[in-house]
Structures are given as structure tokens and as C-alpha cells.
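Residue strings, one per chain:
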Amino acid sequence: MSDNKVQIFDTTLRDGEQVPGCKLNTEQKLIIAERLDLLGVDVIEAGFPVSSPGDFSSVTEIAKLVKNATVCGLTRAVENDIKVAAEALRYAKKPRIHTGIGTSESHIKYKFKSTQDKVIERGAAAVAYAKSFVEDVEFYAEDAGRTDNEFLARVCEAMIKAGATVLNIPDTTGYCLPEEYGAKIKYLKENVRGIDKVIISCHCHNDLGLATANSIAGVIHGARQIECTINGIGERAGNTALEEVVMIMNQHPYLDLNTNINTKLLYDTSKMVSEKMGMVVQPNKAIVGANAFAHSSGIHQDGVIKNRETYEIIDPAEVGVTESAIVLTARSGRAALAYRAKKIGYELTKLQLDKVYKEFLDFADTKKEVVDEDIHQIMKNTKVTSAAVA
Ligand code: KIV
Ligand code: ZN
């Protein structure tokens, strides 16, 4: 693997599907898994096999279906979880077991009523046991975001010794600031023996709206895997959004980081996941929201019509969106009206435009958005016919 390739680990079907109301059946999961494989993700976390018979069979079927990506199953640091995950993954071309345990003070004290040494022992035993089934074992240090760095380094070293191939450093509660999360990854890179033999993975939650920023800080400081979901869906405020981290790396070539993702499939994949899960994408969502490439104020519209790059940093075609939208509202100017009118057959002279624009403003003040049908009506009212087409 090249040094600047960042693996995309998609957990839409596991962390994403944990969201209330987003439950999918096996058939729906298979359609999404096939699409994720086509999109070019490196790893598909297909589910938590021990959690239910339904999840077990979904992971089994996804493992059979997926052609290119590694298929991963989640477990706790519990022997039976691991045995069941290995069973569900038995048909995978590239299987991975993802096991782990909480490492923060509060997890150790309140969840496990245990000690740091015992948690390390239990994590290492889980990794070694998983390794008896598959070569590729990822370890997660749950709540690593709030885990003391020195202790986290001890945990990581023990997991490498036990055979882990990937170390997941989750900011489970979405607590970290980007600088803090980046410094955590840097600390591990500099203080864990054997760290260069494994991949460090970022798994960030969005409780403070920082999941994307934290994941990017992580890869800047040496992590080489990002765990994310389509549309950023996930527990509470969600996970890192796949489309956001991929496009950040694409748009900032000086970072010198790349992925395998076919970005032209991002928009369609977002729509597919949103429809199957019944989770609406907020219109102002970066990259895939309905307004991500829509311009409604007169100043912006005039700029975009002259040259798209005045107000757009991404060519919509790059993410599979047909074209930028010029939305007509009462804030729109003459240039936008002329542009939209031309699209539906009216090439207006300056005089005609002045006349039509006045009528347009009166009309627009009564509506949220002026659509093509309204433009035809305005032309009729002002007696401009499609004969004005050049
Ligand atoms: O957020 C988290 O810590 C997780 C782990 C189970 C990987 O989802
Ligand atoms: Zn998570």
C-alpha cells in the first residue's frame, strides 16, 4: 500500500444502522453493500454478528457477495462474539474481525469495574483469539478520545504484540478538538513500539460537529484509515461523513493523501442510502445536500453564470451531480432570470428582460421559489413569447 493512500472503512451498515428508525433488512443491506463495493471503499463493516440472528445472516450474505472490499464484523472482547463473527465471515474473500474494549477511565471504572492492567489483558486475549480465525484483526480502544495518551500507548503496544493489524482510535463521544485528536495520533506514532507495522484508524463521532475535522487531523498526523458512513449517519449526532473526508482529500492536493473512491458515485450512493434508511439528507449538507450546488442570491448567481469557480470549489460533475442550480427567488438578479429563461426557450433582449424582471420580482415576492412553469406564466403576462428565442 502506498504511504499516502488512506483506506476508507465504511460502517454505514453497522454504526450507521444503529440509528433508531434506520433498520434495514438483509436484502436492503445487500444492495447497499454492493454499491459500497462499487464506490471503492476498502472495508465494509457489515454488522455485529452476535447481536441478532438477522445481523448474523446479513453479515454472512454480504461476505458471500462482496468482490473487492474487506468484509468486517464487530465484536466485543468476548470469546463467543469472536467465534460467531468468524463463522459469519467464513465466506468472505478478505475477512476482518473488529474487536475491542473501552479504555477510558470512566469505561474502566464504571462499565467494567476493572483496572487498566486487566483491560489490557482482556483486549490482548481477544485479539489473539480473533487471530486464531483470521489474519486481519482490528482492535478498537473504545472512548480513546477521552483516554490518557500514555495508557493508550500501552494498550496499542500490547495489541500489536497480540497480533492486531489495525488499531482503531475512536473518539466515541465526539469530545476531542481536531488539534487534540491529531496530537493523540502523533503521540501514538512516536511512542508505540511496532506502530509502523500496523494501520492507525480514525473513528470519530459528531457530537460537537467535529467528526470530519478530527478524522482529517488524524490522517494529517499519520493515521491511514478513516471509519465513516454515507451521509454521516450514526449514533446520536452521527459519524464522520464519507463524502466529506473523501472530497477534502481530493480538494487539497498538498495534503498528498488519496483514496480509492470513485467520487462520481457519491451523490447517487447518498440518495440510495437516504431512501433505503428513510433518513432525509439535510438540504445544506456538504457535498450531497440538495443545496450543495444551488445558488440563490443575485450576487452569487451572477458570478456562477460568468464562471462557476467564483462560488464553487467542487465541480458538481465530480460527485455525480448533473449541474449547478440557479434557484430563482426574490433575491435573484436579472442575470439569473435571463439564464433560466434561456434554458426553457426565451432569449430575451435587454428591453424584454427589464420588463419581465419587474413582473418577476412581484411574482417572486409571493413565492419561496420561482419554477419553470412560473417563468412561462410571467412571459405570458408580459406578452413575451417563445418566438423571442434566437
Ligand atoms: O464509537 C465507537 O467507539 C465504536 C466502536 C465500537 C468501534 O463504534
Ligand atoms: Zn462508533
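Above this text you will find the structure in question.
How each quantity is defined
Residues numbered from 1 in each chain as written. Chains lettered and ligands numbered in written order. Predicted model: local features only at pLDDT ≥ 70, side-chain atom pairs only at ≥ 80, totals over all residues. Heavy atoms only, no water. Helix = DSSP H or I, 4+ residues; strand = E, 2+ residues; numbered from the N terminus. Expected span 1.5 Å × (residues − 1). Buried < 20%, exposed > 50% of the residue type's maximum accessible area, 1.4 Å probe, protein only. Arc of directions from axis to C-beta. Contact = heavy atoms within 4.5 Å. Phe/Tyr/Trp six-rings, centres within 6.5 Å; stacked < 30°, edge-to-face > 60°. Pairing = 2+ DSSP bridges. Axes fitted to C-alpha atoms, helices over the stretch in contact; angles between N-to-C directions.

(A) Just helix α7 (residues 178–191), in detail. With 14 residues, α7 should reach 20 Å at 1.5 Å per residue; the first-to-last C-alpha distance of 20 Å fits that figure. Here α7 has its buried residues at Tyr-181, Gly-182, Lys-184, Ile-185 and Leu-188. Down the axis of α7, the sector holding all buried residues measures 150°, keeping them to one side. Pointing more than 90 degrees away from the buried face of α7 are the exposed residues Glu-179 and Glu-190. Residues of α7 that are buried sit in contact with α6 (149–162), β6 (166–171), β7 (199–204) and α8 (211–220).

(B) Examining the packing of aromatic side chains more closely. With the rule as written, the count across this model stands at two aromatic pairs. An angle of 25° between the planes, with centres 5.8 Å apart, marks the rings of Tyr-357 and Phe-360 as stacked. Here Tyr-357 and its partner Phe-360 are both found in helix α13 (residues 350–364), three residues apart, which amounts to about one turn of the helix. Of the residues examined, Phe-360 reaches a relative accessible area of 0% and is grouped as buried.

(C) Quick look at the sheet that holds β6. Ordered by their spatial adjacency, eight strands build a closed barrel running β1-β2-β3-β4-β5-β6-β7-β8, and the pairing between neighbours is parallel. Taken pair by pair, the neighbouring strands of this sheet meet at an average axis angle of 25°, ignoring direction. Across four bridges, the pairing between strand β2 (residues 43–47) and strand β3 (residues 70–74) is parallel. Paired with Ile-44 across the bridge in β3 is Val-71. This element, helix α2 (residues 53–65), spans β2 and β3 of the sheet and lies at about 150° to β2.

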